[in-house]
Amino acid sequence: MKLNKKIGNFIRNARVSKGLSEKELASLISVSQQQVSRYERGVSTLSIQNILILLNALNIPFDEFSQKIIKPEQNRLFDLLIEELETDGVINVGNLKNI
């Protein structure tokens, strides 16, 4: 799943769990309901500033967002990099992955 979609799902789940409609969230962050929908569907890319605005409006600590979205993405990219470096013969991690 693409990162925009993961962030959108996170925002949608948080909004729904807080009992807010798209329109209510849009009002809290001063955007249109359509823009909230685009964020939640992963159609629009959120700037870090807009992510922080959304997290604040939804009363979600940045650490929670980081643990659920950023850290898994970092791990995924790291694994892809290691795999590519191994495939190219640059490194040989071998059984170290299981440690």
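Residues numbered from 1 in each chain as written. Predicted model: local features only at pLDDT ≥ 70, side-chain atom pairs only at ≥ 80, totals over all residues. Heavy atoms only, no water.

1. Considerations on unusual backbone geometry
Phi at serine 30 takes a positive value of approximately 60 degrees, unusual for a residue other than glycine. Looking at the secondary structure, you find serine 30 in the loop between α2 (22–29) and α3 (33–41). The residue asparagine 59 is not glycine, and still its phi comes out positive at about 55 degrees. Within the secondary structure, asparagine 59 is located in the loop between α4 (48–57) and α5 (62–87). (Helix = DSSP H or I, 4+ residues; strand = E, 2+ residues; numbered from the N terminus.)

2. Comments concerning the pattern of salt bridges
Here the structure, examined in full by the defined rule, presents five salt bridges. Notably, a salt bridge pairs lysine 68 with glutamate 64, separated by 3.3 Å at the nearest N-O pair. Within this pair, lysine 68 and its partner glutamate 64 are both found in helix α5, separated by four residues, close to a single helical turn. Notably, a salt bridge pairs glutamate 73 with arginine 76, separated by 2.7 Å at the nearest N-O pair. (Salt bridge = Lys/Arg side-chain N within 4 Å of Asp/Glu carboxyl O.)

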